[in-house]
Amino acid sequence: MIGSTNPKVQTLRLALSNYPILAEKIRERMREELFAKGIIATSVLEKEAVKKAVESQQMEGLTNPIMQEPDEIWQKRLAITRDYLTDFYFAYNLPFSRFEEIVEAAVNENRSGKPGKVFLAFNPELAPWYMLFEQGEKYAGYPPELYEGVKHHLRQIIVVLLKSLVSDQMAFVRIAREFINIFTLKEIKERRIGRGKIGGKAAGMVLAYKILERPDPEDEFDLNCCVDIPETYFIGSDVYYDFKAINNLDYTTGLKYRTHKVIEQEYPKIRDAYQSSHFPEYAETRLRELLTQVGNCPIIVRSSSLLEDNFGSAFAGKYDSFFLPNQGSADENLADLIEAVKKIYASILSPDALFYRQIQGLEDYDERMAILIQKVKGEEHGKYFFPYIAGVGFSRNPYIWNKKLKREEGFLRIVFGMGTRAVDRVDKDYPRMLGLSHPQLRPVSGAADIVRYSQRMVDVIDLEENKFTTVLTKELLSDNFPGVQYLASIDEGDFVKPIFSLGTAIAPEKMVLTFDNLIKNTDFVKLMKSILKKLERHYQRPVDIEFTVELIPGYPKPGFKINLLQCRPLSNQEWTPDIEVPNNIPVTDQIFTSNRLVPQGIVDNIKYIIYIDPNRYSQIASNGVRLELARIIGRLNNRLEGETFILMGPGRWGSSNIDLGVKVTYADIYNTRMLIEIAIARKGVIPEVSYGTHFFQDLVESNIYPLSLYPDNPDTVFNQPFIEQTPNSLASLLPKDSSYGDYIKVIDVPTVSGGKLLRVAMNAEEGKALGYLHT
């Protein structure tokens, strides 16, 4: 048919296809416009329509059209031809904006005249975005008497835009449609580079902010005044496709179906290929414009994949994020930004990410990566830039270290400076952990332990050196530091006391980051509880958040601005009630007990114990041997897939400092059911369970229970003869690694116990855990 392959005509017809009911009226108006402007006369159009209709008959082989085609079919043929000619002449002679005006007039006339009875004359699922935004904004501006009749249409428009612009996860959409309005969606679109969705991390942040922004009767605070989000921009997920296409990287997608060994072997080469690839020119241009707008403010480049922060699979810490000081020249800053984005793209294919997807049953999902680019929230202090406080919060306390604590009141893990030290495991340094029901109850007691388990290092951005770095707290803290009285206490040797007044000099080396005055003498704890409770209420499940804190001076107490960086729903793992830890197990069948930081659950039918002796580990002189032990753990993890086994080892599993623990990653341990950290106090190695960290989220999402054992505690059991004197099955499972049998032991439980298996019962409320043999 005439003009059917012309782009202008195709665009117009595509738009008309969204109005099947009004199409006839719209085309009639289009013809009136053509006639009124003298583009074509009525008679000429009609003659041409007849001529073209006859030609179409002849093309179909009709030699005697009048006899061979009924009049009803002829009239339909003529009408279709007339409509095509109308589209053709309109598209070639009049602007598309005039077409839009005709459509709008037809839609507006399609009302019945009664308030609230407005008919949506197009299919939102097929309509172009500009039409959805125009109609959505118009509906949102209706007066109350009309709005009531269109709000269901507006919801439909919002849902379509949410699914195409933000996230198509239905659990998310069901909540988001209640809080994210058409104007928020428009702002997201305007801040997006390229096509595609903005990803899960961005979606969670935006939704949480909109939830907190809306007042609830239950609110204790005006959260709209207390909560904000950073200035944020997005790189749409389809830019990742374009990046792969122009660099011929599509072959890397199939890596997710390869064996674990191949994934680990191939990833370094893929990472290098991504880093040496070109970025799409249109996206690079937009990033340059973005940096001009941001100026020299430090930024963070964060992953926001379509699976990230999803309901039931959080992907916590699986993909990379990068702080960029942004203090170089325009070209240098752009190069740093593009490099960070490419590194995040490559992290999609990292072993940790791919193994996690396999465990979660998500390897078939076409993972696409969007990117968040945000201004870092903080202030300059000399040459350093960092926030006053940063942290992670859980609406449900994952660990109960004291019976007074209430799980449903929540938990915080806070630090001075950048939040990296709150979400990642760091060596010989500790954040402050708060059970929000009783925030002054610590996991430790006594002045010596308070000082020992305090934060000594601060992550900051060095503006002069243009780098992210770590400095000692004593380099930053002084009695002149703004709000220092809420951060630090004074180490007096036998006791630690809060800073009651400022005016007398306090030596920085005597300051200890306790946050005691913040917790006791401000509304910070109440504010955070209110935020977490509200988010859990609307998500209808526990959540965790990442945040920074801005101190607002005030009298008699300061105020706070909480900058929300992230919000994600927590695992679907059910809380197992009424677990009884038996008290009648024979001593010979008791393998270990624990009474500190105990989770809730049962691990049953354990066949294998993989054990690394803490004392022998501490005596290993070679770091190469220690690193190889981590790789052997990974090989055992693969070898015992499908079996029930637990890991027991020294200090901190997953520590980056191999002196403190075995340097495994999630990819090395994801098949285990428990990760047991053994603290040998006389060696000065006291493990900190990973609660609140990304590593901890890995364990929770994968149903892996962390547990700490303290063999030197006289109130606990550690059956050393069973652990150390039973035969080692390492050689039979991994013959090539048998030479490491002095350091790593595999206990085949039923073989050494006459057919019995190991069961671990854990009751968090009572703070009791017992591992024992049973038939």
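Remember, it's a predicted structure, so these values are computed and weren't measured experimentally.

Asker: What exactly am I supposed to notice about the overall build of the chain here?
Answerer: Looking only at helices and strands, the chain has 29 helices and 27 strands in total. For the chain, the residues scored as buried account for 56% of the 775 residues in total. When contacts within the chain are restricted to residue pairs at least 6 apart in sequence, long-range pairs at least 24 apart make up 75% of them. Carbon together with sulfur atoms contributes 49% to the accessible area of the chain, which is approximately 33,100 Å² in total. Within the chain, one finds 93 positive and 102 negative side-chain charges whose respective centroids are separated by 2 Å.

Asker: Looking at this structure, how should I read the environment of Asn248?
Answerer: You can see Asn248 is positioned in the loop between helix 13 (238-246) and helix 14 (260-275). Residue classification places Asn248 among the exposed positions, given a relative accessible area of 62%.

Asker: Sorry if this is basic, but what is going on with the packing of aromatic side chains here?
Answerer: To describe a pair of aromatic rings, one takes the distance between the centres and the angle between the planes. Inspection of every chain in the model, using the stated rule, returns 17 aromatic pairs. Here Phe88 and Tyr89 contribute two aromatic rings whose centre-to-centre distance is 5.4 Å and whose plane-to-plane angle is 80 degrees, an arrangement assigned as edge-to-face. Arranged with centres 4.8 Å apart and planes meeting at 40 degrees, the rings of Phe88 and Tyr92 form a pair that is tilted. Of this pair, Phe88 and Tyr92 both sit in helix 5 (residues 71-93), separated by four residues, roughly a single helical turn. By the ring-pair criterion, three or more aromatic residues cluster together here, those being Tyr240, Phe243, Tyr274, Phe279 and Tyr345. Above the face of the Tyr233 ring, Arg191 is positioned so that its terminal group lies 4.9 Å from the ring centre. It is Arg626 that lies over the ring of Tyr617; its NZ or CZ is 4.9 Å from the centre.

Asker: Sorry, what's going on with the side chain of Asp242 here?
Answerer: You can see Asp242 is positioned in helix 13. At a separation of 3.5 Å, a polar atom in the side chain of Asp242 contacts the side chain of Arg195.

Asker: What is the right way to look at the sheet that holds strand 9 (residues 389-394) in this model?
Answerer: Sheet strands line up and pair through hydrogen bonds in the backbone, either parallel or antiparallel. Judged by pairing direction, the sheet is mixed, and its six strands sit side by side in the order 2-18-17-9-10-11 without closing on themselves. Pairing within the sheet leaves two strands with one partner each, and these edge strands are strand 2 (227-228) and strand 11 (432-435). Bridge analysis of strand 2 against strand 18 (residues 559-569) gives two bridges, and the strand direction is parallel. The residue bridging Val227 from the neighbouring strand is Ile562, located in strand 18.

Asker: Honestly, the sheet that holds strand 14 (residues 488-491) in this entry has me stumped. Any pointers?
Answerer: The three strands lie next to each other as 15-14-16, forming an open sheet whose pairing is antiparallel. The open sheet is flanked by strand 15 (496-498) and strand 16 (511-513), the only strands paired with a single partner. Within this sheet the neighbouring strands show an average axis-to-axis angle of 45 degrees, counted without direction. Relative to strand 15, strand 14 runs antiparallel, the two being bridged by three bridges. Its bridge partner lying in strand 15, Ser489 is registered against Pro498.

Asker: Please clarify how the pattern of salt bridges should be interpreted in this entry.
Answerer: If charged atoms from side chains of opposite charge come close, those side chains can pair. Under the defined criterion, the tally for this structure stands at 46 salt bridges. Here Asp168 makes a salt bridge to Lys197, at a shortest N to O gap of 3.9 Å. Of this pair, Asp168 sits in the loop between helix 8 (144-166) and helix 9 (170-176) while Lys197 is found in the loop between strand 1 (192-193) and helix 11 (200-213), placing the two residues 29 residues apart along the sequence. Residue classification places Lys197 among the buried residues on the basis of a relative accessible area of 11%. Taking the shortest distance from any N to any O, the salt bridge between Arg195 and Asp242 comes out at 3.5 Å. Placement of Arg195 in the loop between strand 1 and helix 11 and of Asp242 in helix 13 is noted, with a sequence separation of 47 residues between them. Note on Arg195: relative accessible area 45%, which makes it partly exposed.

Calculation rules
- Residues numbered from 1 in each chain as written.
- Predicted model: local features only at pLDDT ≥ 70, side-chain atom pairs only at ≥ 80, totals over all residues.
- Heavy atoms only, no water.
- Helix = DSSP H or I, 4+ residues; strand = E, 2+ residues; numbered from the N terminus.
- Buried < 20%, exposed > 50% of the residue type's maximum accessible area, 1.4 Å probe, protein only.
- Contact = heavy atoms within 4.5 Å.
- Areas by Shrake-Rupley, 256 points an atom, 1.4 Å probe, with all protein chains shown as cover.
- Lys, Arg positive; Asp, Glu negative; His and termini not counted.
- Charge placed at Lys NZ, Arg CZ, Asp CG, Glu CD.
- Phe/Tyr/Trp six-rings, centres within 6.5 Å; stacked < 30°, edge-to-face > 60°.
- Lys NZ or Arg CZ within 6 Å of the ring centre and 35° of its normal.
- Polar contact = N/O pair within 3.5 Å; in protein donor to acceptor, adjacent residues only side chain to side chain.
- Pairing = 2+ DSSP bridges.
- Axes fitted to C-alpha atoms, helices over the stretch in contact; angles between N-to-C directions.
- Salt bridge = Lys/Arg side-chain N within 4 Å of Asp/Glu carboxyl O.

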